[in-house]
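Tertiary structure, described
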Amino acid sequence: MKVKCQFSILNYQLFFYDVRDFVMDRKIPLNIYKISSPCVGTVLENKKLTQPSSPNDTHHVVVGLEGSSYTYLEGQSAGVLPAGMDEKGKPHAVRLYSIASHRSGEKGYPFSLSLCVKRVVYQNPQTGQEKRGVGSNYTCDLKTGDSVKLTGPVGNRFLLPENFQEHHFIFLATGTGIAPFRGMLAHLFQNHFKNEIWLIFGTPYKTDVLYEEEFGQYRSHPNFHFVTAISREEKNKDGSKVYVQHRILEHQAKLIPLLRETNTLLYICGLKGMEKGIHEAMQVMCPQELYEQVRKRILIEVY
Ligand code: A2P
């Protein structure tokens, strides 16, 4: 997922649950590598996540960190420095993407991180000319063995709390906003997490349900509830698109009692627009008093 810092920081200030729980007395790796002296990783794998018939092209890129001091926590982001120069002849600006792997690295590659990146291709509405996002196309086109310059990690708030075993989690994602939850889920299940976890994932097509097989395997855990909202293939009764917020309403009989538990945390990651819809759904289904409590337990990373 591509991350825009400013929005996130603003949102954290407005809605952050309790900064002390996450930040104080906690060793969070931060900015180990900077633009002036990036970490040079090696691409170990680049796999297309969307199915071939999808109009979208999203990739899972594993970067080896062997020999570096790069460490991170689930929910943090890494910067990618695309090779080459921009139109002004300056090196391309850093692009931030959420890390999709567990802190111990990608399976089979103990010292690594992975990124989940959607290729951005758009048309200039005036000229009709095709434009390609620099960072996403660079990252999606990386080949095994290529060197890639990384900065970071960044982010000290969109993290699991240290005492995660004492919480329940509701993860709400759209598109590549699924990335941080992949790492968090791995961490929870590796630690035999027994409380409730909901993952509600919105995506345009069935061919774009990222990491579907992996999350499907977690379904063997009775405390894991995985729900998808396929916006361009499923419809609400009134004919409108199904979004994450509609699934929240649909499952309110189970979600309201969970939200009443004061140790339930909600994490939202993905398109900025989803935030409003989720708050509206919460307001519809929760009494005002509960909604006021819940909104203090929301962590947001939107772009
Ligand atoms: P749609 O684009 O059909 O309107 P991706 O990043 O891969 O495009 O996926 C983003 C998903 O989030 C899509 O299914 C998209 O639906 C959906 N989406 C778009 N706007 C909102 C919104 N305001 N609230 C929730 N989901 C949204």
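Notes on the structure follow. (Residues numbered from 1 in each chain as written. Predicted model: local features only at pLDDT ≥ 70, side-chain atom pairs only at ≥ 80, totals over all residues. Heavy atoms only, no water.)

**What to know about the overall build of the protein chain**
Put simply, the test is: Secondary structure elements are defined from DSSP: runs of H or I of at least 4 residues count as helices, runs of E of at least 2 residues count as strands, and each element is numbered from the N terminus. Radius of gyration: C-alpha atoms only; globule rule: 2.2 Å multiplied by the number of residues to the exponent 0.38. Relative accessibility decides the category of a residue: with a 1.4 Å probe and only protein chains considered, values under 20% of the type maximum give buried, values over 50% give exposed, and everything between is partly exposed. Per-residue and other accessible areas follow the Shrake-Rupley method at a 1.4 Å probe size, with only the shown protein chains counted as cover for residues. Within this scheme the basic residues Lys and Arg register as positive and the acidic residues Asp and Glu register as negative, but His and the chain ends are omitted. Just so you know, the charge point we use is NZ for Lys, CZ for Arg, CG for Asp and CD for Glu.
Each helix and strand in the protein chain was counted, giving nine helices and 13 strands. Against the compact-globule benchmark of 19 Å for 303 residues, the protein chain has a radius of gyration of 19 Å, which places it among compact chains. Seen through its C-alpha atoms, the protein chain measures out along the principal axes to roughly 55 × 50 × 35 Å. Relative to its full complement of 303 residues, the protein chain shows a buried share of 52%. For the protein chain, the accessible surface area stands at approximately 14600 Å², while carbon and sulfur atoms represent 52% of it. Counting 36 positive and 30 negative side-chain charges, the protein chain places the averaged centre of each group 4 Å from the other.

**What to know about the nonpolar core**
For soluble globular proteins, the rule of thumb is that nonpolar side chains tend to be buried together. Spelled out, the test is: The criterion is simple. A nonpolar core is a set of buried Ala, Val, Leu, Ile, Met, Phe, Trp, Tyr and Cys residues joined through side-chain atoms within 4.5 Å.
Formed by 33 residues in total, the largest nonpolar core has its most connected members in Phe169, Phe171, Ile178, Phe181, Leu185, Leu199 and Tyr267. At the level of elements, strand S9 (168–174), helix H4 (179–190), strand S10 (197–203), helix H5 (212–218), strand S11 (224–230) and strand S12 (264–270) are the ones that each hand at least two residues to this core. Top contributing element to this core by residue count: H4, with seven residues. Counting 24 residues, the second-largest nonpolar core is a separate cluster that includes Leu255, Ile256, Leu258 and Cys286.

**Points about the sheet that holds strand S4 (residues 95–98)**
The criterion, for reference: Following DSSP output, two strands are said to pair if at least two bridges run between them. An axis is simply a line fitted to the C-alpha atoms; with a helix, the fit covers only the stretch in contact. Between two such axes, the angle follows the N-to-C directions and lies from 0 to 180 degrees.
Read from one edge of the open sheet, six strands run S4-S3-S8-S1-S2-S5, paired in antiparallel fashion. Edge strands, defined here as strands with exactly one partner in the open sheet, are S4 and strand S5 (112–118). Put simply, the sheet's adjacent strands are angled 40° from each other on average, direction ignored. Summarising the sheet, strand S3 (residues 77–81) and S4 pair through four bridges and their orientation is antiparallel. Its bridge partner being in S4, serine 77 is matched across the sheet by serine 98.

**Structural notes on the pattern of salt bridges**
Heads up, the rule is: Here, a salt bridge means any side-chain nitrogen of Lys or Arg that lies within 4 Å of a carboxyl oxygen of Asp or Glu.
Per the counting criterion, the structure on display carries twelve salt bridges. With its nearest N and O atoms 2.7 Å apart, the salt bridge here joins aspartate 57 to arginine 119. Placement of aspartate 57 in the loop between strand S1 (39–48) and strand S2 (58–64) and of arginine 119 in the loop between S5 and strand S6 (121–123) is noted, with a sequence separation of 62 residues between them. Salt bridges here are not isolated pairs; linked through shared partners, they connect Lys48, Asp57, Arg119 and Asp141.

**Notes on the pairing of S12**
In terms of burial, S12 is largely enclosed, as seven of its seven residues are buried. Relative to S12, S9 runs parallel, the two being bridged by six bridges. Each bridged residue has a counterpart across the sheet, and for isoleucine 170 the counterpart in S12 is leucine 266. In this structure, S12 lies alongside strand S13 (residues 298–302), joined through five bridges in parallel fashion. Among the inter-strand pairings, tyrosine 267 is bridged to a residue of S13, identified as leucine 299.

**Quick look at the site of the ligand**
Inclusion rule: Only heavy atoms are used to decide nearness, and a residue is near a molecule or strand if one of them lies within 4 Å of it. For the purposes of these results, a polar contact is taken to be a pair of N or O atoms within 3.5 Å, where, inside protein, one atom must be able to donate a hydrogen and its partner to accept one; residues adjacent in sequence count only when each atom of the pair is a side-chain atom. Polarity classes work like this: nonpolar for Ala, Val, Leu, Ile, Met, Phe, Trp, Tyr, Cys and Pro, charged for Asp, Glu, Lys and Arg, and polar for all others, with Gly in that last group.
Not every one of the 14 residues close to the ligand is listed here, only the nearest: Thr203, Ser231, Arg232, Lys241 and Tyr243. Within the side chain of lysine 118, an N or O atom sits 3.0 Å from an oxygen atom of the ligand. Within the backbone of glycine 273, an N or O atom sits 3.3 Å from a nitrogen atom of the ligand. Protein burial of the ligand: of its 560 Å² of free accessible surface, 82% is covered by the chains. For the shell around the ligand, the residue count by class is four nonpolar, seven polar and three charged.

**Topic: helix H7 (residues 252–260)**
Stated precisely, the cut-off is as follows: Working note: the arc is built from the helix axis to C-beta atom directions. Pairs of residues are marked as contacts when any of their non-hydrogen atoms sit within 4.5 Å.
Regarding H7, the residues found buried are Leu255, Ile256, Leu258 and Leu259. For H7, the buried positions fall inside an angular range of 165° around the axis, keeping them on one side. Turned more than 90 degrees away from the buried face of H7 sit Ala253 and Lys254, all of them exposed. Close packing links the buried residues of H7 with S9, S10, helix H6 (244–250), S12, helix H8 (273–285) and helix H9 (288–294).

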